[in-house]
Number of protein chains: 2
Amino acid sequence: MAVPSDIEDLIALMARLPGLGPRSARRAVLALLKKRGPLMAPLAQAMAHVALTARDCTMCGNIGTADLCPICADPTRATGEICIVEDVADLWAMERAGVFRGRYHVLGGTLSALDSMGPEELRIPRLVARMHEEDTREVILALNATVDGQTTAHYIADALALSGVQISSLAQGVPVGGELDYLDDGTIGAALRARRSF
Amino acid sequence: MAVPSDIEDLIALMARLPGLGPRSARRAVLALLKKRGPLMAPLAQAMAHVALTARDCTMCGNIGTADLCPICADPTRATGEICIVEDVADLWAMERAGVFRGRYHVLGGTLSALDSMGPEELRIPRLVARMHEEDTREVILALNATVDGQTTAHYIADALALSGVQISSLAQGVPVGGELDYLDDGTIGAALRARRSF
């Protein structure tokens, strides 16, 4: 019983974060204990604040601090284009790239019979309703290039086929800075099939 | 501005934990945001509670929730032996091994001219005072087998040379389960020099 139970509890909670195990959680908590004033107290406060104020955007599913997320609330974002992403992490990645100026729709997962994720859970009816409200011209499928992601992309494309909007998806090919030698066969095949005039 | 500033602040604070960088801090915060009720709120609360209640033991420097840590407050721990460790992490490691039943003294670092860590900062005068109070028979130097750790061990051994207590240090040798093939030359040399009859 060298470690007081309060600290043990904190370590156990920290160990549930992705990328941290019991060992690294202990290390993180020890670092926090050494900086109780400058780091631990502000971190606890920031976390409690976000846990209290964060909410899912009622429009797109992004995380914000109001009913509408900063993107949906931004009048300068184009309303004619909706980019469909699997997850808030993917939305943040798209925003870091800084090339898309339309709106998003966060599915919150992929279709999965095993995890009982159906169209309702992925907020697809909400997407269809939005497309009418916002007079959407184009839906961009920015789903992960995994089997689950592509299955979901095909399902959405089918569901929207009769709506008359243009449906596109991210290009597949060689990553910027990528070396052919290190790429998998599937990517090289996709890049060759989608080749363009130089 | 896809990420609200409160959440950005939380990510920046998380990224200061050891083992987490900006990327993994973002991932951890996203995981927290997905489990606001079951994980984020309890974690924030546990962290705030520990930040408020944790304090350094006035006797040994271990971290506890009272003036005396659980070990110093435990009357069943032998008072005649003091094990000197560099850090609270090392004390926890010793306690996990569960073979030492005496008291500890946490230095809080090693002697270092660069970081202006002198004997005062390492609480060595406090150690000498304790040895008189507790009628110490043996001081066990459980410092890391690094240059800094061993320099500090020699300094402490010199400082206590006239006190008449027995001074020992952890044995060096082949780790349990270790394979000679993977050990460094220094460890093999130390194990050979400290060989014992079988």
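About the cut-offs
Residues numbered from 1 in each chain as written. Chains lettered and ligands numbered in written order. Predicted model: local features only at pLDDT ≥ 70, side-chain atom pairs only at ≥ 80, totals over all residues. Heavy atoms only, no water. pLDDT = per-residue confidence, 0-100. Helix = DSSP H or I, 4+ residues; strand = E, 2+ residues; numbered from the N terminus. Least-squares fit on C-alpha atoms with pLDDT ≥ 70 in both. Contact = heavy atoms within 4.5 Å. Phe/Tyr/Trp six-rings, centres within 6.5 Å; stacked < 30°, edge-to-face > 60°. Buried < 20%, exposed > 50% of the residue type's maximum accessible area, 1.4 Å probe, protein only. Buried area = accessible area lost by both parts, 1.4 Å probe. Salt bridge = Lys/Arg side-chain N within 4 Å of Asp/Glu carboxyl O. Polar contact = N/O pair within 3.5 Å; in protein donor to acceptor, adjacent residues only side chain to side chain. Nonpolar A, V, L, I, M, F, W, Y, C, P; charged D, E, K, R; others polar. Pairing = 2+ DSSP bridges. Axes fitted to C-alpha atoms, helices over the stretch in contact; angles between N-to-C directions. Arc of directions from axis to C-beta. Patch = residues over 30% accessible without salt bridge, like charges linked within 9 Å, V, L, I, M, F, W, Y side chains within 5 Å. Areas by Shrake-Rupley, 256 points an atom, 1.4 Å probe, with all protein chains shown as cover. Parallel < 35°, antiparallel > 145°, perpendicular 65-115°, else oblique. Domains from an automatic or database assignment.

Residue and element names in this part refer to chain A. Confidence along chain A averages 89 in pLDDT terms, with 99% of residues attaining 70 or more. For chain A, helix α7 (residues 185-193) is the element with the lowest average pLDDT, namely 87, and strand β4 (residues 103-106) is the one with the highest, namely 94. Quick note on the complex model: pTM equals 0.81, ipTM equals 0.82.

Each copy of the sequence occupies a distinct position, and chain B is placed on chain A by a rotation of 180° and an axial shift of 0.0 Å, giving an RMSD of 0.0 Å. Seen this way, the second copy is the image of the first under a two-fold rotation axis. Relative to the rotation axis, the closest C-alpha in chain B is found at B:Ala44, a distance of 2.4 Å. Taken together, the interface assignments show that 100% of the residues at the interface of chain B recur at the interface of chain A, consistent with an identical surface on both copies.

Glancing now at the packing of aromatic side chains. Residues and elements named next belong to chain A. Taken as a whole, this structure holds two aromatic pairs over all chains when the rule is applied. Judged by centre distance (5.3 Å) and plane angle (65°), the rings of phenylalanine 100 and tyrosine 104 are edge-to-face. Owing to a relative accessible area of 9%, phenylalanine 100 belongs among the buried residues under this scheme. On the basis of relative accessible area, tyrosine 104 is assigned to the buried category, the value being 0%.

Here we take up the interface of chain B and chain A. Interface size is commonly expressed as the accessible area that is lost once the parts come together. Taken together, the contact between chain B and chain A spans 54 residues of the former and 54 residues of the latter. Counting the surface lost from both chain B and chain A, the interface buries some 4,800 Å², and carbon and sulfur atoms represent 75% of this. A salt bridge links A:Lys34 to B:Asp87, with the shortest nitrogen-to-oxygen separation between them at 3.2 Å. Where chain B packs against chain A, one counts six residue pairs in polar contact (both at pLDDT 80 or more). The element that contributes the greatest number of residues to the side of chain B that touches chain A is helix α3 (residues 36-53) of chain B, accounting for 15 residues. Across the side of chain B that touches chain A, the residue classes break down as 37 nonpolar, six polar and eleven charged.

Residue and element names in this part refer to chain A. With parallel pairing, four strands are arranged side by side in an open sheet as β4-β3-β5-β6. Every other strand in the sheet has two partners, leaving β4 and β6 (166-169) as the edge strands with one partner each. Pairs of neighbouring strands in the sheet enclose a mean axial angle of 25°, with direction left out of account. Where strand β3 (residues 81-85) lies against β4, four bridges are found, and the strand directions are parallel. Its bridge partner being in β4, isoleucine 82 is matched across the sheet by arginine 103. The sheet strands contacting helix α5 (residues 124-133) are β3, β4 and β5 (138-141), and the helix crosses β4 at an angle near 160°.

This part covers helix α1 (residues 5-14) of chain A. Every buried residue belonging to α1(A) is among A:Ile7, A:Leu10, A:Ile11, A:Leu13 and A:Met14, and all of these are buried. Taken end-on, α1(A) shows its buried residues confined to a sector of 160°, consistent with a single buried face. Where the residues of α1(A) are buried, they touch α2 (22-34) and α3 (36-53) of chain A together with α3, β2 (63-64) and α4 (88-97) of chain B.

Residues and elements named next belong to chain A. Taken together, the side chains of Val174, Leu180 and Ile188 present a nonpolar region at the surface, about 240 Å² in accessible area. Turning to its location among the elements, isoleucine 188 is positioned in helix α7. A residue is classified by how much of its surface remains accessible, and isoleucine 188, at 34% relative accessible area, is partly exposed.

Now for the packing of α2(A) against α4(B). Two measures define how a pair of helices packs: the angle their axes make with one another and the distance between the axes. In the contact formed by α2(A) and α4(B), the axes pass within 10 Å of each other and the chain directions differ by 135°. In terms of orientation, α2(A) and α4(B) fall into the oblique class. Every residue of α4(B) that contacts α2(A) at A:Arg26, A:Leu30 and A:Leu33 is listed here: B:Val88, B:Ala89, B:Trp92 and B:Arg96. Looking at the contact of α2(A) with α4(B) residue by residue, the classes come out as five nonpolar, no polar and two charged.

On domain assignment, one finds that chain A holds domain 1 (5-53) and domain 2 (57-169). For domain 1 of chain A versus domain 2 of chain A, the distance between C-alpha centres works out to 33 Å.

All names here are of chain B. According to the stated counting rule, one finds twelve salt bridges over all chains in the structure shown. The partner of arginine 55 in a salt bridge is aspartate 67, with the nearest N and O atoms 3.2 Å apart. Here aspartate 67 lies in the loop between β2 and β3 (81-85) and arginine 55 lies in strand β1 (residues 55-56), a separation of twelve residues in the sequence. For aspartate 67, a relative accessible area of 45% puts it in the partly exposed group. The closest approach of N and O atoms between arginine 130 and glutamate 134, which form a salt bridge, is 3.0 Å.

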